[in-house]
Amino acid sequence: MEQATLGGGCFWCLEAVYENVKGVDDVVSGYAGGKRERPTYEQVCSGGTGHAEVVQITFDPDIVSYEELLAIFWKIHDPTTLNRQGADVGTQYRSVIFYHDERQREIATKSRERAQEHFSAPIVTEISPLPRFWPAEEYHQDYFRRNPYQGYCRAVVSPKVEKFKKEFEGWVK
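As the structure is a computational prediction, the values presented were derived from the model and not from experiment.

S.K.: Can you walk me through the overall build of the protein chain in this structure?
M.R.: Helix and strand content of the protein chain: 6 helices and 8 strands. Walking the protein chain from its N terminus toward its C terminus, one meets helices and strands in the order β-α-β-α-β-α-β-β-β-α-β-β-α-α. Relative to its length of 173 residues, the protein chain is compact, with a C-alpha radius of gyration of 15 Å against a globular reference of 16 Å. If one aligns the C-alpha atoms of the protein chain with their principal axes, the spans along those axes are about 35 × 35 × 35 Å. Out of the 173 residues in the protein chain, the part that is buried amounts to 47%.

Take a look at the structure:
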């Protein structure tokens, strides 16, 4: 098994999509890239910790590759908006790839270059080494699966999951 750590807006959206990908064993919502140890959701939302909302994906590279996870990443969020996704605004919602090793850094950099061909605006996705991943509070885990009728989930998360299922039909569990 390998891990990937990605941020593309609210972690509920990414978690809900990646939980549906063949070869993904686990997806944990959390925080990375900031200064505070064991940050809370409230601290991260204040914008003062420097953390991004991210998901840490545990996957079987014999079934789904890191490159394929990144192909999904570029499609399910807007990597051209700095520190925002839709109505979610702040550095905690930045587009970021936290790599776990040099191979992931190289793959992420090349993937970002290829993805740029599909966007008229420049991609602003940060590619940085993973300093430390902090799991989010339990109530954030599997949020969409447990709260599919919550307003944000219906308006924002569900359309992203449906877009993934339509565009990546062969990769759906």
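So that's the structure; there's more coming.
S.K.: How do you make sense of the packing of helix H1 (residues 11-18) against helix H6 (residues 151-167) when you look at a structure like this?
M.R.: When two helices pack together, their arrangement is given by the angle between their axes and by how far apart the axes lie. At their nearest, the axes of H1 and H6 sit 9 Å apart, and the two run at 35° to each other. In terms of crossing hand, the pair formed by H1 and H6 is right-handed. Contacts between H1 and H6 involve Trp 12, Cys 13, Ala 16 and Val 17 from the former and Tyr 152, Val 156, Val 157, Lys 160, Val 161 and Phe 164 from the latter. Split by residue class, the contact of H1 with H6 holds 9 nonpolar, no polar and 1 charged.

S.K.: Help me understand helix H4 (residues 102-116), please; the structure alone is not making it clear to me.
M.R.: Note that an α-helix has 3.6 residues per turn; residues three or four places apart therefore point the same way. Along its 15 residues, H4 runs 21 Å from first to last C-alpha, staying within 8% of the 21 Å computed at 1.5 Å per residue. Gln 104, Ile 107, Ala 108, Thr 109, Ser 111 and Ala 115 are the residues of H4 that are buried. Looking at the packing, one finds that the buried side of H4 touches strand S1 (2-8), helix H3 (66-76), strand S6 (95-99) and strand S7 (126-129). Residue Asp 101 occupies the N-cap position of H4, its side-chain oxygen lying 3.2 Å from the main-chain nitrogen of Arg 103.

S.K.: Looking at this model, I keep getting lost on the environment of Cys 13. Mind explaining?
M.R.: Assignment of secondary structure puts Cys 13 in helix H1. A relative accessible area of 3% means that Cys 13 is categorised as buried. C-alpha of Cys 13 to C-alpha of Tyr 152: the two residues are 139 residues apart in sequence and 9.9 Å apart in space. Each residue touching Cys 13, except ones within four places of it in the same chain, is listed here: Tyr 152, Val 156, Val 157 and Lys 160.

S.K.: Can you walk me through the sheet that holds strand S2 (residues 24-32) in this structure?
M.R.: Sheet strands pair by backbone hydrogen bonding; their relative direction is either parallel or antiparallel. If you walk across this open sheet you meet the 6 strands as S7-S6-S1-S3-S2-S8, and the pairing is mixed. Looking at strand neighbours, the two that pair on one side only are S7 and strand S8 (133-135), the edges of this open sheet. With direction set aside, neighbouring strand axes in the sheet form an average angle of 35°. The pairing of S1 with strand S3 (residues 52-59) spans 5 bridges and is classified as antiparallel.

S.K.: Could you clarify how one ought to interpret the environment of Ala 4 in this entry?
M.R.: Within the element layout of this structure, Ala 4 appears in strand S1. On the accessibility criterion, Ala 4 (0% relative accessible area) is buried. Considering only alpha carbons, one finds Ala 4 and Gly 33, 29 residues apart in sequence, at a separation of 14 Å.

S.K.: I'm lost on the pattern of salt bridges in this one. Help?
M.R.: Close approach of charged atoms allows side chains with opposite charge to pair. Per the counting criterion, the structure on display carries 6 salt bridges. Across the pair Glu 2 and Arg 103 runs a salt bridge, and its minimum N-O distance is 2.7 Å. Separated by 101 residues along the polypeptide, Glu 2 in strand S1 and Arg 103 in helix H4 bring together distant segments of the chain. Linking Arg 94 and Glu 126 is a salt bridge whose minimum nitrogen-to-oxygen distance equals 3.1 Å. Taken as a pair, Arg 94 in the loop between strand S5 (88-89) and S6 and Glu 126 in strand S7 lie far apart in primary sequence, 32 residues in all.

Thresholds applied
Residues numbered from 1 in each chain as written. Predicted model: local features only at pLDDT ≥ 70, side-chain atom pairs only at ≥ 80, totals over all residues. Heavy atoms only, no water. Helix = DSSP H or I, 4+ residues; strand = E, 2+ residues; numbered from the N terminus. Rg over C-alpha atoms; globule rule 2.2 N^0.38 Å. Buried < 20%, exposed > 50% of the residue type's maximum accessible area, 1.4 Å probe, protein only. Axes fitted to C-alpha atoms, helices over the stretch in contact; angles between N-to-C directions. Left-handed = near helix turned anticlockwise from the far one by under 90°. Contact = heavy atoms within 4.5 Å. Nonpolar A, V, L, I, M, F, W, Y, C, P; charged D, E, K, R; others polar. Expected span 1.5 Å × (residues − 1). Polar contact = N/O pair within 3.5 Å; in protein donor to acceptor, adjacent residues only side chain to side chain. Pairing = 2+ DSSP bridges. Salt bridge = Lys/Arg side-chain N within 4 Å of Asp/Glu carboxyl O.

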